[in-house]
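Examining the three-dimensional arrangement
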Amino acid sequence: MAFEREALPWIDDVYRFALSLTRDETDADDVVQDTYLRAYRSWHTYLPGSDCRRWLFTICRNVFLRSRERARPTVELEATDADAAAAGAVYATAVREGLEDAFSRLDLGPAINDALTRIPEPFRSTVIIVDVEDQSYESAAEILGVPIGTVRSRLFRGRRLMQEQLLDYAKDAGFNVRPGLVEQRRNA
Amino acid sequence: MPETIYEAVPAACVEVIRQVWDHLDDQLCSDDAEVVQLHLDECAHCRGLERLQIGYRDAMRAVRPRPVIAPWHIRARVLDALADVGFSP
């Protein structure tokens with residue numbers, strides 16, 4: 001049967017994606033099961049020969065949103081000058097606090113997982129799909145069901161929100177107060 | 001954070017900051033990419049900002065999940081649920 005041949009082999013990828021979205025193994029189990037049930041019931045809508053993994057990711061993301069009751073319509077905005085200024089302000093803060101090298105010098109693994117749970121939808125899903133799952137803008141647009149421009153603006157803002165969280169983590173971890181390190185980095 | 005977001009950012013840099021992720025993600029056409037690169041070559045502020053974005057990108061890449069194998073109970077659960085709605089392998 002085509003469903004068995006084309007959809008079931010992606011269960012590992014769907015599980016990993018569900019884990020990325022939910023950050024919880026039990027929740028991921030539920031999302032994977034619902035994803036496959038919906039996929040099976042909607043199999044007639046799948047276009048043979050198209051990217052089945054991407055199709056399953058789209059369903060998975062919708063199941064996740066429905067499970068969190070976050071599938072509310074959102075107002076989409078292009079990346080504005082204010083967004084750009086806010087991104088610039090994040091950098092200015094990093095410089096002022098001596099944190100401009102923090103991302104490349106600290107082990108941010110735990111902080112990234114924590115930050116991903118804190119940033120709101122729809123920015124969270126977009127950051128996960130592009131920055132964690134390494135999908136292209138085009139693929140993200142298809143999974144999210146939005147135009148590429150929307151992916152771009154969500155990503156811009158989502159990355160800034162992530163960076164604000166990660167800089168807070170670096171500051172709390174004392175990265176900026178190591179004796180002589182700020183001066184040493186600035187003189188390097 | 002500054003009292004207003006604008007006080008921290010030189011006005012000439014705002015457009016480039018808006019495009020810096022498109023630049024890093026290879027989303028700009030060659031003309032636009034060249035304009036951004038010229039600005040980056042001349043502007044230490046925006047080069048620093050670009051370095052911060054690259055640091056973020058590399059940190060995110062470092063935590064990308066390794067290939068995951070779905071546990072056996074997930075496969076069994078999915079197959080059971082599918083069987084309930086008429087699927088047979």
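Parameters at a glance
Residues numbered from 1 in each chain as written. Chains lettered and ligands numbered in written order. Predicted model: local features only at pLDDT ≥ 70, side-chain atom pairs only at ≥ 80, totals over all residues. Helix = DSSP H or I, 4+ residues; strand = E, 2+ residues; numbered from the N terminus. Buried ≥ 20, exposed ≤ 12 C-beta atoms within 10 Å, placed from the backbone. Contact = placed C-beta atoms within 7 Å. Nonpolar A, V, L, I, M, F, W, Y, C, P; charged D, E, K, R; others polar. Domains from an automatic or database assignment. Expected span 1.5 Å × (residues − 1). Axes fitted to C-alpha atoms, helices over the stretch in contact; angles between N-to-C directions. Parallel < 35°, antiparallel > 145°, perpendicular 65-115°, else oblique. Left-handed = near helix turned anticlockwise from the far one by under 90°.

1. Section: the overall build of chain B
Scanning chain B for helices and strands turns up four helices and zero strands. Ordered by position from the N terminus, the helices and strands of chain B form the series α-α-α-α. The buried share among the 89 residues of chain B stands at 29%. Here the analysis covers contacts within chain B between residues at least 6 apart in sequence; of these, 47% occur between residues at least 24 apart.

2. Topic: the interface of chain B and chain A
Each partner contributes residues to the interface: chain B has 36 residues there, and chain A has 44 residues. Those elements giving two or more residues to the side of chain B that touches chain A turn out to be helix H1 (14–24), helix H3 (44–62) and helix H4 (72–84) of chain B. Per-element accounting of the side of chain B that touches chain A gives the leading share, eight residues, to H3(B). When grouped by side-chain class, the residues that make up the side of chain B that touches chain A number 27 nonpolar, three polar and six charged.

3. Quick look at the domain arrangement of chain A
All names here are of chain A. Assigned domains within chain A: domain 1 (2–67) and domain 2 (81–187). In this structure, domain 1 and domain 2 have C-alpha centres spaced 28 Å apart. Taken together, the contacts link nine residues of domain 1 with 13 residues of domain 2. The set of elements that each furnish at least two residues to the side of domain 1 that touches domain 2 consists of helix H2 (11–22) and helix H4 (52–67). Taken together, the residues of the side of domain 1 that touches domain 2 break down into four nonpolar, two polar and three charged.

4. Concerning unusual backbone geometry
All names here are of chain A. Following Glu-121, the chain continues into Pro-122 via a peptide bond in cis, with omega recorded as 5 degrees. Mapped onto the secondary structure, Pro-122 falls in the loop between helix H7 (109–118) and helix H8 (123–132). The phi angle at Arg-23 is positive, at roughly 60 degrees, despite the residue not being glycine. Along the chain, Arg-23 falls in the loop between H2 and helix H3 (25–41). By the C-beta count within 10 Å, which is 13 here, Arg-23 ends up partly exposed.

5. Let's talk about H3(A)
With 17 residues, H3(A) should reach 24 Å at 1.5 Å per residue; the first-to-last C-alpha distance of 24 Å fits that figure. For H3(A), the set of buried residues is Ala28(A), Asp29(A), Val31(A), Val32(A), Asp34(A), Thr35(A), Tyr36(A) and Ala39(A).

6. Quick notes on the environment of Asp32(B)
Position of Asp32(B) relative to the elements: it lies in helix H2 (residues 30–42). Considered as a pair, Asp32(B) and Ala83(B) are 51 residues apart in the sequence and their alpha carbons are 54 Å apart.

7. Quick word on the packing of H4(A) against helix H9 (residues 137–144) of chain A
All names here are of chain A. Where H4 meets H9, the closest approach of the two axes is 8 Å, and the angle between their N-to-C directions is 50 degrees. In terms of their interaxial angle, H4 and H9 are classed as oblique. Our pair here, H4 against H9, has a crossing hand that is right-handed. Two secondary-structure elements touch here, H4 through Arg-54, Phe-57, Thr-58 and Arg-61 and H9 through Ser-139, Glu-142, Ile-143 and Leu-144. Grouping the amino acids of the contact of H4 with H9 by side-chain chemistry returns three nonpolar, two polar and three charged.

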